[in-house]
Amino acid sequence: GLIISLCYVGQTAAGLLAPIIAGRQRDQRLIVATMVLLTAAGLLGFVYAPVWSLTAFSVILGVGQGGAFGVGLLFFALRSSDPHSAGQLSALAQTVGYIFGGLIGPFAVGVIYDWTGSWQVVTIFYLAMGLASLVLGIGAGRARTVGAKPAHAS
């Protein structure tokens, strides 16, 4: 219970602070990369680190996940050209994100471990998902917007 509680404390702090820091920058690629790397380090720590160090890896994982989630939510506002586009982007990203998160998260890890009996295979899966998150997050972190283009008067 203590380990999970520390993870939540890290998530809460980073979920509040990371979007503030990210919102003050024109480009969010560095903070995205930092959050993905912290999340990967935390997950790998849970698999390979000694038990006595899990409190630290719990906080690291929490900071990575909380910061990534907060910055991800900030992107709806930063990357949209208008409120309508922000709503559409939010609906799309959250629908797809929660579906994939539910399938690729704990469920997939359980299935992979049950099928293979190997934490090394789970590690490869973690690293592949981390790389995909990094590539997609860096793309989202670029200072660009999506949505309606301004109408030109004819």
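Source: prediction; values computed, not measured.

Cut-off values and rules
- The residue count restarts for each chain, going from 1 along the sequence in the order it is written.
- Under the rules for a predicted model, residues below a pLDDT of 70 receive no local features and side-chain atom pairs below 80 are neither given nor counted, while totals for whole chains, interfaces and linings still include all residues.
- Heavy atoms throughout the structure, all of them, feed into the side-chain values; hydrogens and water do not.
- Between 30 and 60 degrees the pair is tilted, below 30 it is stacked and above 60 it is edge-to-face, where a pair is any two Phe, Tyr or Trp rings, Trp via its six-membered ring, whose centres lie within 6.5 Å.
- Here's how the labels work: a residue is buried when its accessible area is under 20% of the maximum for its type, exposed when over 50%, partly exposed in between, all with a 1.4 Å probe on protein chains only.
- Each helix is a run of H or I in the DSSP string that is no shorter than four residues. Each strand is a run of E no shorter than two, and both are numbered from the N terminus.
- Should any heavy atoms of two residues lie within 4.5 Å, those residues are counted as being in contact.
- For salt bridges, the criterion is a side-chain nitrogen of Lys or Arg within 4 Å of an Asp or Glu carboxyl oxygen.
- Structural elements are reduced to axes, namely lines fitted to C-alpha atoms, with helices fitted over the stretch in contact, and the angle between N-to-C directions of any two is expressed from 0 to 180 degrees.
- We call a crossing left-handed when the near helix sits turned anticlockwise from the far one by less than a right angle, and right-handed when that turn is clockwise.
- Gly falls in the polar group here, along with every residue not listed as nonpolar (Ala, Val, Leu, Ile, Met, Phe, Trp, Tyr, Cys, Pro) or charged (Asp, Glu, Lys, Arg).
- Take the buried residues of types Ala, Val, Leu, Ile, Met, Phe, Trp, Tyr and Cys, join any two whose side-chain atoms come within 4.5 Å, and each joined set is a nonpolar core.

A full pass over the atoms with the stated rule returns one aromatic pair. Ring centres of Tyr113 and Trp119 lie 4.3 Å apart, and the angle between their planes is 25 degrees; this geometry places the pair in the stacked category. Take Tyr113: its relative accessible area is 29%, and that puts it in the partly exposed class.

Secondary-structure assignment places Thr123 in helix α6 (residues 119-141). Take Thr123: its relative accessible area is 10%, and that puts it in the buried class. Those residues in contact with Thr123, other than ones at most four positions away along the chain, are Leu44, Val47 and Tyr48.

Let us look at the pattern of salt bridges. For the structure shown, the criterion picks out one salt bridge. The closest approach of N and O atoms between Arg29 and Asp27, which form a salt bridge, is 2.7 Å. Take Asp27: its relative accessible area is 26%, and that puts it in the partly exposed class.

Taken N-terminus to C-terminus, the directions of helix α2 (residues 29-48) and helix α3 (residues 54-78) make an angle of 145 degrees; their axes are 7 Å apart at the nearest point. As α2 packs across α3, the resulting crossing turns out to be left-handed. Packed against α2, whose contacting residues are Ile31, Val32, Met35, Leu38, Thr39, Ala41, Gly42, Leu43, Gly45 and Phe46, the element α3 presents Leu54, Phe57, Ser58, Ile60, Leu61, Val63, Gly64, Gln65, Gly67, Ala68, Val71 and Phe75 at the interface. Here the residues of the contact of α2 with α3 sort into 15 nonpolar, seven polar and no charged.

The next subject is the nonpolar core. Core analysis: the biggest nonpolar cluster contains nine residues, these being Ala18, Ala22, Ile31, Val32, Met35, Val36, Val71, Leu74 and Phe75. Ranked by residue count, the leading element in this core is α2, at four residues. Dropping the residues within four chain positions of it, Val36 is found in contact with Gly130, Ser133 and Leu134. Ala108, Val109, Phe125 and Tyr126 belong to the second-largest nonpolar core, a separate cluster that totals six residues.

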